[in-house]
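Observations on the three-dimensional arrangement
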Amino acid sequence: MLKGFYRHSPPVCCYIHMGKRIVILGAGFGGLACANALRKGLSQDHRVIVVDRKKSFMMGLVNLWILAGSRRPDEPQTPLAGLNARGIEYLNDEAIKIDIAAKKVQARGHGWIDYDYLVVALGSELAPEKIEGFAGRGYNLYDAEQVQPLREKLLALRQGRVAISVMGMPYKCPPAPYEAAMIISDILEKNGTRKNVQVDMYVPAPIALPVVGPQVSREIVDMIARYGIRFHPDCKPKIVRDGEVEFESGEKAAYDVLAGIPPHRSPDVIKTSGLATSATGEWVPVDRLTLRTGHPGVFAIGDVAEVKSGTVTVPKAGIFAEGQAKVVAQEIIDEISGRPASTAAYNGQGFCFVEVGNSMAGFVEADFYHEGGPAVRLEPPSAESYEKKHDFERSRIKEWLL
Ligand SMILES: Cc1cc2nc3c(=O)[nH]c(=O)nc-3n(C[C@H](O)[C@H](O)[C@H](O)COP(=O)(O)OP(=O)(O)OC[C@H]3O[C@@H](n4cnc5c(N)ncnc54)[C@H](O)[C@@H]3O)c2cc1C
């Protein structure tokens, strides 16, 4: 049963009104973009409810700024409670069950919540335990709490080897490990130790970024080579020992500092929901244009979704989660407003800024629905793109939460 939810309104489960109830699971990139677009497009008699176990929002890209030393790890994050002032009902709770047939979700502290529409935006989780020996020996680059200790370790390193290992596919923000490698090189350069430290990048795939194809992959490898970073494809780690990673091929690599991007998995609540019917059993397959799951009124967006266009899968990144969120919001608004033939359709397009250290960033633009395969363009690093990356964060936080 729902306990203590909204002092001034009836419990969600027995709320009788003409309006619709849209429940969004997850207040990350996708959930926040969707909730705000819905609130702008729907009258107040329709309820937009967002459930997230976190109390605040921080973009994943901030990890790179903590690594670079340009953002303090203890800098306050943006409270999700800011949603309430916008007419979006934020519920700080964990979703533990999704009952598709009964159109309701269960939150650990608040009980069952009925919905007319459900938007699943729960992201992906990190599974460092899938790589034997990694926890305690390597630093998880995607865990904000481990990035500052990694930076300190790099600053203390006088000589030796830094290994950056992508430990599984798919992972979010495909360029981010390469950005981290160049930022690490820059940290060592500024620390005066770069000439004594070898930096190696190990990835499980045969090319740098399979999702964008061989041409851009070569450009990325050339880019990191300009910073003296060596690239090692086909290196999926099997076991991490003190000072050594062993790959599935049997090859071994020595390290003094190991920074890893652990395998990703979907949240447990997804696995028990019956929604995760992708080939791996992890992700939620959706229609590439509508983001519908096949269950009436149920959508999935962002990292948790598997958005396929032919053989191409749209990467897991915030910019795509945001684009998908806006389309889903428009579809729901159209449907509620009596315009069932919504023309909103996701276009598979996005961009991102590729940091290279020294307050510079390149720019990548991609169209994953381009006929004949993804069309991707990589612009060389500039101070302007680096500044735009900061604007990217600022403008979204302002639009979604402040
Ligand atoms: C180092 C790094 C750099 C990155 N750089 C970029 C970049 O430059 N550009 C870009 O576009 N993307 C970037 N990304 C990727 C981006 O952060 C993710 O792809 C994006 O956050 C995905 O959005 P989402 O809404 O699908 O999931 P998320 O933003 O991860 O949100 C999911 C939310 O669901 C909540 N949740 C999960 N399970 C439950 C549950 N059971 N109950 C309640 N709440 C739950 C979580 O607390 C979380 O708030 C980067 C990521 C990293 C790690």
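Structure: see above.
Notes on the structure in this doc start here. All of these numbers come straight from a predicted model, not from anything done at the bench.

On to the site of the ligand. Around the ligand sit 29 residues, and of these Gly30, Asp52, Ala95, Asp303 and Ile319 come closest. Between the ligand and aspartate 303, the relevant distance is 2.8 Å, taken from an oxygen atom to a main-chain nitrogen or oxygen of the residue. A distance of 2.9 Å separates an oxygen atom of the ligand from a polar atom in the backbone of glycine 318. Starting from 990 Å² of accessible surface for the ligand in isolation, the protein chains cover 93%. Among the elements that line the shell around the ligand, the one with the most residues is helix H7 (residues 318–336), at three residues. Partitioned by chemical class, the residues of the shell around the ligand number 13 nonpolar, eight polar and eight charged.

To continue, consider the layout of surface pockets. Computed from the structure, the second largest pocket encloses a volume of approximately 510 Å³. Met169, Pro170, Tyr171, Val211 and Thr313 are, among the 28 residues lining the second largest pocket, the residues nearest its centre. Going through the elements one at a time, strand E22 (305–309) and strand E23 (312–313) are the ones with two or more residues in the lining of the second largest pocket. Taken together, the residues of the lining of the second largest pocket break down into 20 nonpolar, five polar and three charged. For the lining of the second largest pocket, the domains that each give at least three residues are domain 1 (12–124 + 266–346) and domain 2 (128–263).

Calculation rules
Residues numbered from 1 in each chain as written. Predicted model: local features only at pLDDT ≥ 70, side-chain atom pairs only at ≥ 80, totals over all residues. Heavy atoms only, no water. Near = heavy atom within 4 Å. Polar contact = N/O pair within 3.5 Å; in protein donor to acceptor, adjacent residues only side chain to side chain. Areas by Shrake-Rupley, 256 points an atom, 1.4 Å probe, with all protein chains shown as cover. Helix = DSSP H or I, 4+ residues; strand = E, 2+ residues; numbered from the N terminus. Nonpolar A, V, L, I, M, F, W, Y, C, P; charged D, E, K, R; others polar. 1 Å grid on protein atoms, 1.4 Å probe; cavity = no way out; pocket = protein on both sides within 12 Å on 5 of 7 lines; lining within 4 Å. Points joined across faces, edges and corners; volume = space filled by probe spheres on them. Domains from an automatic or database assignment.

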